[in-house]
Every structure is written in structure tokens, then in C-alpha cells.
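Read off the chains here:
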Amino acid sequence: MKDLSSTSSSSRHARNSLIYPKKRPSPHGVSKSHKSPLLSQNVMRKSPRSAKAALIVQRQQLRRDGVILEDEYREDIRCYMHEMENYTMSSTQSMDQQPEIRWHMRPCLVDFLVEIHFSFRLRPETLYLTLNIVDRYVSRRIVFIKHYQLVGCAALWIAAKFEDAKDRVPTVQDLVQMCHDAYEESAFIQMEGHVLSTIQWTLGHPTAEAWLRLMCCGPCMEEPKVQHVARFLMEITLFYREFVKYAPSSIALAALTLARFLCGKPARVWEETDECLEIVDLLDTRLAKHVNDLSETLVKKYSYAFYSKAATFVVQYYLQGGKFIRITTPALPVTPTRSVTMSAVSTPMSCSTSISDGSDDFPLTPVTPALHPPSSDYDDKENRPTTFEPVYNKHRIDSPPEQFLPHDFVTFSRPALHSLNVSSSPRAYS
């Protein structure tokens with residue numbers, strides 16, 4: 001007799017094997033599903049690195065073709081940045097009233113912050129935002145000398161949290177070590193909260209670096225060397241009082257204007273303003289007379305090859321007696337205007353003849369003899385024989401100002417940049 005149970009089980013096993021084919025066990029203990037051949041042929045999985053590289057290539061291609069991604073909102077962005085930079089400006093008059101802090105201490109603090117900023121490889125915007133936070137805090141609060149460095153470190157900590165990636169933000173232990181244990185960890189945390197409450201948590205300050213990137217990525221793409229020289233010049237303005245009162249947009253435009261001149265590029269005359277040229281004159285005068293007094297940390301930072309050796313280029317230019325020469329646009333010829341007074345005589349040349357037709361500025365206008373009645377005492381004033389003298393140029397050409405004449409400003413006696421001024425360090429004021 002045939003066993004029905006064995007027959008049914010064998011048929012069920014065969015049917016299941018046809019529907020659910022037996023899978024090969026994975027050596028790792030987890031069975032992997034088979035991919036569809038159609039999916040593997042048409043869809044290629046990209047790693048995050050390759051996807052990012054493809055996106056960068058796409059953006060570069062768009063910029064090469066003159067297409068800006070945010071072109072539709074460019075003007076709105078610029079208007080908002082101008083509004084914010086006016087709202088987040090500091091006051092030099094209030095900073096002048098500090099009882100203990102003096103302006104000669106500022107280069108020491110900025111030099112210290114530049115060194116920390118460069119050692120942690122923070123973004124360029126972080127440094128400018130740090131100084132803006134310091135200036136706004138000093139404009140509203142009385143700061144003692146022993147707390148000046150603490151305010152700078154707290155501002156750098158706030159700016160790094162706002163601008164940089166999380167893994168690059170210095171920790172409290174790093175700041176304590178940078179200050180040589182002059183302050184405790186709780187002092188940085190307490191000062192951070194006090195600074196934020198003083199500036200009302202307003203951190204959206206458009207920095208000079210942001211303006212420079214907007215200018216260099218517009219219709220005129222700047223070369224890397226021009227951008228590096230402009231960044232070097234912008235960081236010089238952080239050290240001195242005369243540049244604090246200017247807006248970051250004007251500082252960025254002035255640095256770019258001077259950098260293009262130093263690199264032999266034509267000037268972007270359509271963008272230059274009076275305030276921009278004023279900053280250029282201040283920066284050029286300081287470099288021409290005090291190029292030896294530049295921060296050694298800043299010069300060393302911009303002497304590397306990945307910054308196109310911008311500091312070496314600028315220092316050598318001014319040590320050789322270089323000077324910025326303002327390029328004035330040639331005056332356009334002025335068209336003489338005619339008077340609106342109508343003459344009694346009509347000529348074939350025009351329906352109206354002005355009184356100024358008889359002057360030396362215009363050629364003589366022919367008249368119709370038939371229109372004048374014969375008279376013995378008639379004096380033909382228009383056709384009176386005169387000598388026509390052509391007017392070449394009526395604009396008075398002034399002699400160039402004395403400060404633009406070539407003469408010796410500095411001598412070739414720059415000392416070696418190897419010894420740091422330890423006594424002028426802001427640590428002495430802590």
C-alpha cells in the first residue's frame with residue numbers, strides 16, 4: 001500500500017523548492033538578498049566622497065559658464081548684508097572711553113587670536129567675527145586689562161561655534177592651555193554667557209571675508225593670488241584703530257582694489273567709492289611707512305605656498321619703495337549748451353538760432369541774404385570776418401598731489417622675522 005503521507009510531504013517539498021529556491025548560507029551568519037540584475041546595471045551607487053566631488057565639478061562648470069546659483073536672490077542678499085553690517089557695527093568713541101584698555105594693546109590681542117585661529121585651522125570668517133564680537137563688547141562694557149585676553153578667547157569660542165565645524169571648535173581645556181592657566185575653566189563659560197547677553201545674541205555679522213567672496217565670485221572671477229593678497233591686506237586692518245570705523249564691505253572692496261593694483265590687474269573703477277579709496281590710502285600709507293612693524297605671526301601665516309606667499313610679495317613691494325597710484329578716469333568732453341532765447345532770423349540750418357551762435361565755441365552759421373532788407377547802416381554781425389580758434393580742452397589740469405609723487409618712503413633695512421615680541425604679549429595684561 002502506498003504511503004500517502006510520504007507522497008504528500010515529498011510533493012510539498014518539491015513545490016516549495018520551486019517557489020522558494022534554497023539559498024546558500026552566508027559565512028557571516030546573515031543571508032544576503034540577491035540584487036536584481038536590472039537594478040545593478042542601471043543604478044550605480046555613489047560613495048559620499050564621489051558624490052561630493054561630482055557636485056563640486058558641477059558647480060565649477062556652472063561658474064565657468066557664468067551661471068550663479070543664487071543669482072535670483074543676489075540683490076536681496078546684498079541689501080540684507082548691508083542692513084546687518086550697519087546694525088552690528090561697533091563704536092570707536094565708546095572704546096576710547098575705556099579706563100584701562102588702550103589702543104596700543106589691540107595688536108597684542110589680535111596677534112594672539114590670529115595664532116590660535118591658525119593653529120586650529122578655523123575658517124577665515126571666524127577671525128573677523130571674533131574681532132567684531134570683541135569690539136561690540138568693549139563698546140558697551142568696561143573691560144579691565146586682566147580680563148582683556150579672556151574676552152578675546154570667549155569671543156573666539158563663540159565665533160567658532162557659530163561658523164566652524166563641531167570637530168574644529170576648541171574646547172575649554174584648549175583655551176586654558178593657550179592662556180597658560182591664567183584663567184579657570186569656569187571663567188570662560190561665565191564670560192561666554194556675559195558676552196552673548198551683552199551683544200543680545202546677534203551673531204549674523206557680515207564679515208569682510210563674506211563680502212570678498214561675494215565680490216570674487218561675481219561676474220569678475222579673481223585669481224587665487226589676488227584673493228590671497230586681499231585676505232592678507234584685510235587681516236592687517238584688524239590690528240589698527242583707523243580701520244575699525246569702516247564697514248566690512250568697504251574694507252573688502254579696498255583690499256581687493258589694492259590687491260589688484262599690486263598684482264598688475266586693471267582696476268574695477270565702476271565699483272570704487274570714495275570710502276573705498278580712503279581706506280586704500282590709509283592702508284597704502286601704513287604699509288609704505290611701517291611695513292617693518294607688521295605682525296610677525298601674520299607675515300609668517302601668509303608666507304606659505306598655499307597662500308601664494310602673499311605676505312612676502314607685499315612686503316617686498318613696499319620695501320622697494322612701491323606706492324599705490326590712483327588711476328583717474330579721463331574726463332569726457334563737455335558738450336556746449338545752447339540758450340533757449342529765440343532769434344528773429346531763421347536759417348536753412350535750423351529753425352532757431354541762439355545768441356551763442358556768434359561766439360567762438362561754434363562755427364559761423366550761414367544766413368539767407370534775402371531775409372535782410374537792404375540798408376546802408378546794416379552791420380552783418382554774424383558774417384563779420386573773425387578768426388576761429390578751436391577749443392582743445394577747457395578743463396584745467398591740476399598738477400598731481402604731492403603725496404602721490406614718487407619718493408623714498410622706506411629703506412632696505414627690514415630685520416629678520418624670527419624673534420617674537422614676548423613682552424608685548426597680551427598674557428602680560430592678564
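Residues numbered from 1 in each chain as written. Predicted model: local features only at pLDDT ≥ 70, side-chain atom pairs only at ≥ 80, totals over all residues. Heavy atoms only, no water.

An unreviewed UniProt entry lists the protein chain under the name Cyclin, from Lentinula detonsa. UniProt, in its Sequence similarities (unreviewed entry) section for the protein chain, records the words "Belongs to the cyclin family." (UniProt positions renumbered as here; feature names shortened; annotations may be inferred.)

Caption draft 1: Inspection of the pattern of salt bridges at higher detail. According to the stated counting rule, one finds 13 salt bridges in the structure shown. For E125, the salt bridge is made with R213, and the minimal N-O distance between the two is 3.1 Å. With E125 in helix α7 (residues 124-140) and R213 in helix α11 (residues 208-216), the pair connects residues that are 88 residues apart, well separated along the chain. Classification of R213 by relative accessible area gives partly exposed; the value is 33%. With its nearest N and O atoms 2.6 Å apart, the salt bridge here joins E222 to R260. In this pair, E222 sits in the loop between α11 and α12 (224-236) while R260 sits in helix α13 (residues 248-262), placing the two residues 38 residues apart along the sequence. Accessibility assignment for this pair places E222 and R260 in one class, buried. Among the charged side chains, a network of salt bridges with common partners joins R123, E125, E163, E209, R213 and R231. (Salt bridge = Lys/Arg side-chain N within 4 Å of Asp/Glu carboxyl O. Helix = DSSP H or I, 4+ residues; strand = E, 2+ residues; numbered from the N terminus. Buried < 20%, exposed > 50% of the residue type's maximum accessible area, 1.4 Å probe, protein only.)

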